Amino acid sequence: MNSIAVLGSTSSIGKEVIKYPNTFHCPLRFEDSQEQYDKWFSANPQIDTLVHLARACKKDKIRDEQ
């Protein structure tokens with residue numbers, strides 16, 4: 001069965017999308033290497049779609065201040 005991985009599943013929208021059947025949290029981050037993506041998707045061959053809901057740009061110190 002085909003499945004969907006959600007990058008950014010902890011966002012408001014991501015939390016709703018992840019509730020659908022055959023939808024999974026993708027633990028990768030936008031800044032992770034291609035090798036990390038390849039390894040994760042190789043280990044999860046049932047995933048055929050990636051929904052990107054994560055913030056695509058990182059502003060300095062934003063995460064540290066929250």
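Above: the structure in question.
Before going into details, it helps to say that this report is about the structure given with it.

What counts and how
- Residues numbered from 1 in each chain as written.
- Predicted model: local features only at pLDDT ≥ 70, side-chain atom pairs only at ≥ 80, totals over all residues.
- Heavy atoms only, no water.
- Helix = DSSP H or I, 4+ residues; strand = E, 2+ residues; numbered from the N terminus.
- Buried < 20%, exposed > 50% of the residue type's maximum accessible area, 1.4 Å probe, protein only.
- Pairing = 2+ DSSP bridges.
- Axes fitted to C-alpha atoms, helices over the stretch in contact; angles between N-to-C directions.

Some points on the environment of Thr 10
Here comes step 1: Inspection of the secondary structure assignment puts Thr 10 in the loop between β1 (3-7) and α1 (12-17).
Here comes step 2: When its relative accessible area of 61% is taken as the criterion, Thr 10 is described as exposed.
Here comes step 3: Spatially, the C-alpha atom of Thr 10 lies 10.0 Å from that of Pro 27, the residues being 17 residues apart in sequence.

Thoughts on the sheet that holds β1
Here comes step 1: Across the sheet, three strands lie side by side as β2-β1-β3; this open sheet has parallel pairing. Only two strands of the sheet have a single neighbouring strand rather than two, namely β2 (23-26) and β3 (47-52). Shown here is a sheet whose adjacent strand axes are inclined to one another by a mean of 30°, direction ignored.
Here comes step 2: Pairing between β1 and β3: five bridges, direction parallel. Following the sheet pairing, Leu 7 is matched in β3 by His 52.

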